[in-house]
Amino acid sequence: MSTLSIQGVSKRFSSETIAVDRVSLDVADGELVCLLGPSGSGKSTLLRMVGGFEDPTSGRIAIDGQDVTHLPPERRPTGMVFQSHALWSHMNVFNNLAFGLKLRRRPKVEIRDRVEAVLDLVGLKGYDRRMTNQLSGGQQQRVALARALILEPKILLLDEPFASLDQHLRERLREEVRDIQLRLKITTLFVTHGQDEALSMADRIVVMHDGRTEQADRPDVIYRDPQTPFVAGFIGTMNFIKGHVENGRFRHADLSVALAVSDGPVTLAVRPEALDLVAPDDRSRVVIHRVTDFGTHGLIDLHLSDGTRVKSMVPSPEPFQAGQAVGLAPRSFAAFRNDAKLSGIHHAR
Ligand SMILES: Nc1ncnc2c1ncn2[C@@H]1O[C@H](COP(=O)(O)OP(=O)(O)OP(=O)(O)O)[C@@H](O)[C@H]1O
Ligand SMILES: [Mg+2]
């Protein structure tokens, strides 16, 4: 049973650089939370503060209710895999893994057994005598993971552990890590800027932007009900269509849809799979720019009359061709005004 509590934590590196800005986050026992955000949004800094490799400027970090805010890494019950993995290349796999246990003066037999068990766990049984520079990138990442796990941390911290690997291997390893994490029921904070990684692995996603958390929710909620335009645009493909609401209707030169909010400018955020194409009316000036057949579905690139480009996902691209005029019918969408969400998800009728 282990929980992590981050309360109002900030990190200021200089007067201009606030890497992490008053972040609060509770991670439940056994939960895997992904920190997702663009480069420089503060993900690594936050993780490093939890691991004790960076000292917070303010705020408090607790593990199982115990304040660890200013404890050095070796006195925290955390295990970390770093963004640029740092295996000791002059040591073999066994010694890389045994290092932490030797420091803790564990008996030889126990060390041997634990190294063997953790190598088995990460799928590297029998690799203990290999030098780490004779391993593939994927194998090295597995050793880095094993080294974080061998001390049986209460909290596992992973900073983009697969960033340097090709996509195929990355997908396989993230499934393996998720399996291991579920089997050990280990509370985990996982940094990534790969949205697929976050959507497929996480119990909860925290979207970070400029050192702040924009939204923390289940992956499906993050995808279907983004609370800010940033989250809407950052996860998956999103169409943004700018228009005006007047008398309960959103109006744009190329489409109009019921929207019960006060009059004023509004931006609709519509997923490609929620943007239907219909027969054009006389005034429709939406033109198909490109049709792409992905086999499982089609993707239609469209140019609106105001220059906006949008995408529509269709079950089959067959009825469509470039140059054709079409009408737009959003099935569901979020509506924003000045970065604020106007209300819940709208389903157009
Ligand atoms: N040791 C440091 N000294 C000064 N500034 C730093 C230091 N470490 C990080 N920063 C700055 O803090 C901000 C957040 O950096 P951080 O490494 O946490 O981002 P990140 O979200 O992990 O990005 P990436 O996805 O590229 O790894 C950046 O502007 C970065 O330049
Ligand atoms: Mg980073």
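These numbers come from a predicted model, not from an experiment.

Another point: helix α5 (residues 167-184). In this model, α5 (18 residues) spans 26 Å end to end at C-alpha, consistent with the 26 Å of a helix rising 1.5 Å per residue. Those residues of α5 that sit buried are Arg170, Arg174, Val177 and Gln181. The arc that holds every buried residue of α5, seen down its axis, measures 65°, which confines them to one face. Among the exposed residues of α5, those pointing more than 90 degrees away from its buried face are His168, Glu175, Asp179 and Arg183. In the core, the buried residues of α5 are packed alongside β3 (32-36), α4 (137-149), β7 (155-159), β8 (187-192) and α6 (195-201). Lysine 185 sits one or two positions beyond α5 and adopts a positive phi of about 55°.

With that settled, consider the site of ligand 1. As a matter of local geometry, ligand 1 sits amid 13 residues, with Phe13, Ala19, Ser39, Ser44 and Thr45 nearest to it. Of all the elements, helix α1 (residues 43-51) adds the most residues to the shell around ligand 1, at 3 residues. Of the residues contributing to the shell around ligand 1, the split by class is 2 nonpolar, 10 polar and 1 charged.

Right, let's get into the domain arrangement of the protein. Domain annotation of the protein identifies domain 1 (4-226) and domain 2 (237-347). Placing a centre on the C-alpha atoms of domain 1 and another on those of domain 2 gives a separation of 40 Å.

So, on to the sheet that holds strand β16 (residues 286-293). Ordered by their spatial adjacency, 5 strands build an open sheet running β15-β19-β16-β17-β18, and the pairing between neighbours is antiparallel. At either end of the open sheet lies a strand with only one pairing partner, and these are β15 (275-278) and β18 (309-314). Shown here is a sheet whose adjacent strand axes are inclined to one another by a mean of 45°, direction ignored.

Moving on: the nonpolar core. Cys34, Leu35, Val50, Ala146 and Leu189 are the most contacted members of the largest nonpolar core, which totals 79 residues. The leading source of residues in this core is α4, at 6 residues. Counting the residues that make up this core, at least three belong to each of domain 1 (4-226) and domain 2 (237-347). Here valine 50 is in contact with Leu4, Ile6, Ile61, Thr78, Ile155, Leu157 and Leu189, once residues within four sequence places are set aside.

A separate point is the environment of methionine 131. Considering the arrangement of structural elements, one finds methionine 131 in the loop between α3 (108-121) and α4. Between the C-alpha atom of methionine 131 and that of proline 330, which follows or precedes it by 199 residues, the distance is 57 Å.

On to the sheet that holds strand β2 (residues 18-27). Across the sheet, 4 strands lie side by side as β2-β1-β4-β5; this open sheet has antiparallel pairing. At either margin of the open sheet sits one strand with a lone partner, and together these are β2 and β5 (66-67). Across 6 bridges, strand β1 (residues 4-12) lies against β2 in antiparallel orientation. Bridge assignment links isoleucine 6 to a residue of β2, and that residue is leucine 25. Against the sheet, α1 contacts β1, β2 and β4 (58-63), and its axis sits at roughly 120° relative to β1.

For the rest of this paragraph, the subject is unusual backbone geometry. Residue lysine 185 is not a glycine yet carries a positive backbone phi of 55°. As for its placement among the helices and strands, lysine 185 is situated in the loop between α5 and β8. Given 12 C-beta atoms within 10 Å, lysine 185 falls into the exposed group. Backbone geometry places aspartate 339, a non-glycine residue, at a positive phi of 70°. Here aspartate 339 lies in the loop between β20 (332-337) and β21 (340-341). In this structure aspartate 339 comes out as exposed when scored by C-beta crowding, with 9 C-beta atoms within 10 Å.

Taking 1.5 Å as the rise per residue, α3 with 14 residues should run 20 Å; its terminal C-alpha atoms sit 20 Å apart, in good agreement. Those residues of α3 lying buried are Ile111, Arg114, Val115, Val118 and Leu119. Seen end-on, α3 carries its buried residues on one side only, within an arc spanning 130°. Opposite the buried face of α3, at more than 90 degrees from it, the exposed residues are Val109, Glu110, Asp113 and Asp120. The inward-facing, buried residues of α3 abut α2 (93-103) and α4. Positive backbone phi, at 75°, marks glycine 123, one or two positions downstream of α3.

What counts and how
Residues numbered from 1 in each chain as written. Chains lettered and ligands numbered in written order. Predicted model: local features only at pLDDT ≥ 70, side-chain atom pairs only at ≥ 80, totals over all residues. Helix = DSSP H or I, 4+ residues; strand = E, 2+ residues; numbered from the N terminus. Expected span 1.5 Å × (residues − 1). Buried ≥ 20, exposed ≤ 12 C-beta atoms within 10 Å, placed from the backbone. Arc of directions from axis to C-beta. Contact = placed C-beta atoms within 7 Å. Near = placed C-beta within 6 Å. Nonpolar A, V, L, I, M, F, W, Y, C, P; charged D, E, K, R; others polar. Domains from an automatic or database assignment. Pairing = 2+ DSSP bridges. Axes fitted to C-alpha atoms, helices over the stretch in contact; angles between N-to-C directions. Core = buried A, V, L, I, M, F, W, Y, C linked by C-beta atoms within 7 Å.

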